[in-house]
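# Topology and contacts: notes
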Amino acid sequence: MFIPRKLIVDDKNELFDTRGMKFVEFPSEFGKVREYTELILKDAPEHFREGNLLHQQLSEIIKNGIKHGNKSDPDKILKVHYDLKKRARFVVEDEGEGFVELDAWNDFFYRRQLALYQQDFDSFLTLASYRGPHSDETDGGNSLMAALEYWNGGMIFNARRNKVGVVRWYTGGARG
Amino acid sequence: MKIASEPFDKQGVFFELEGELDLYSTSELRTKILQAFDSDRTRMVLDLSKLTYLDSSGVGILIFILQTLRVKKGKLKVIGLSGTPRKVLEMSNIISLIPMASTRQEAEIEVLKEI
């Protein structure tokens, strides 16, 4: 059965409840995406990290906020709430205009999933990367696809689409 | 990231990537890949056995290679994919598009075969 995934907008979602979460904010310096990521994760339990997978997935969200949201303007702030006690949970907010292409991205992702489901690899290859009006050659155009797979407790955008909440649960230690 | 490359036969090129292919190192690889395409080297072998980190920018380069080689009627084989780079390619569903080989020798023979 074909059950497509998609990005969800829900302003009232419980993932945006930041009570009890730690907080840090950064100037939007593109050259420091991975450095900021590691600062947030410095006390993360080892089995949450799954090699460098947690770092990689969080860095994609930080990059999106800094580059696409705040246009790498160091005067603009990226706010990160995080909780690494029972699960890896983050709320990341930028000062940008929001992910205005979200619906177009969902339409694109639907076609991509359908091509894969139908084993139509020619179409799938042409749909492999999302190219939006602001994409450049260092944008892989695939970070959100992996994100929807990785954040197994949800990935939710606020109504303004400049804030995202994500959760990854771990059962019985690191997942394979 | 370190990038080693070595041409083989008339149209072949072997690349070995060592370290982290991320949002900061992707453009260097892209430049080298474009140089290979410009010299008509469209039979490509990528050794990823020393690759320790791959993010969406790096996945994007792999997609770019696959899409370009399709247009240019070239061929790709990847060897040594494992660990989190493999996991990242699985999560973005790209893994099914990537042709693998087990050794460099086998990969070089395969990419030189007629399509």
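Owing to the predicted nature of the structure, the values given are computational and were not obtained by experimental measurement. (Residues numbered from 1 in each chain as written. Chains lettered and ligands numbered in written order. Predicted model: local features only at pLDDT ≥ 70, side-chain atom pairs only at ≥ 80, totals over all residues. Heavy atoms only, no water.)

Right, let's talk about the confidence of the model for chain B for a bit. With 100% of its residues at a pLDDT of at least 70, chain B reaches an overall mean of 96. Both confidence scores are given for the complex: pTM 0.95, ipTM 0.94. (pLDDT = per-residue confidence, 0-100.)

Residues and elements named next belong to chain A. In this fold, Arg-5 is placed in the segment before strand S1 (8-9). The class for Arg-5 is partly exposed, based on a relative accessible area of 40%. Taking the C-alpha atoms as reference points, Arg-5 and Lys-71, 66 residues apart in sequence, are found 28 Å from one another. Other than its neighbours up to four places away in sequence, Arg-5 contacts Phe-109, Gln-113, Leu-148 and Glu-149. (Helix = DSSP H or I, 4+ residues; strand = E, 2+ residues; numbered from the N terminus. Buried < 20%, exposed > 50% of the residue type's maximum accessible area, 1.4 Å probe, protein only. Contact = heavy atoms within 4.5 Å.)

Another aspect to go through is the packing of aromatic side chains. Tallied over the full model, the rule gives 11 aromatic pairs over all chains. The interplanar angle of 75 degrees and the centroid separation of 5.7 Å between the aromatic rings of Phe-30 of chain A and Tyr-24 of chain B together place this pair among those described as edge-to-face. You can see Phe-30 of chain A sitting in the loop between strand S2 (22-27) and helix H1 (33-41) and its partner Tyr-24 of chain B sitting in the loop between strand S2 (12-21) and helix H1 (26-38), one on each of two chains. Classification of Phe-30 of chain A as partly exposed rests on a relative accessible area of 23%. Since its relative accessible area comes to 33%, Tyr-24 of chain B is described here as partly exposed. Residues Phe-90 of chain A and Trp-151 of chain A carry aromatic rings whose centres are separated by 5.9 Å and whose planes lie at 75 degrees to one another, so their mutual orientation is edge-to-face. In this pair, Phe-90 of chain A sits in strand S4 (residues 88-93) while Trp-151 of chain A sits in the loop between helix H6 (143-150) and strand S5 (154-157), placing the two residues 61 residues apart along the sequence. Here the guanidinium or amino end of Arg-34 of chain A rests over the ring plane of Tyr-53 of chain B, the centre of that ring lying 3.7 Å away. Between Arg-104 of chain B and the ring centre of Phe-14 of chain B, over which it is positioned, the NZ or CZ distance is 3.5 Å. (Phe/Tyr/Trp six-rings, centres within 6.5 Å; stacked < 30°, edge-to-face > 60°. Lys NZ or Arg CZ within 6 Å of the ring centre and 35° of its normal.)

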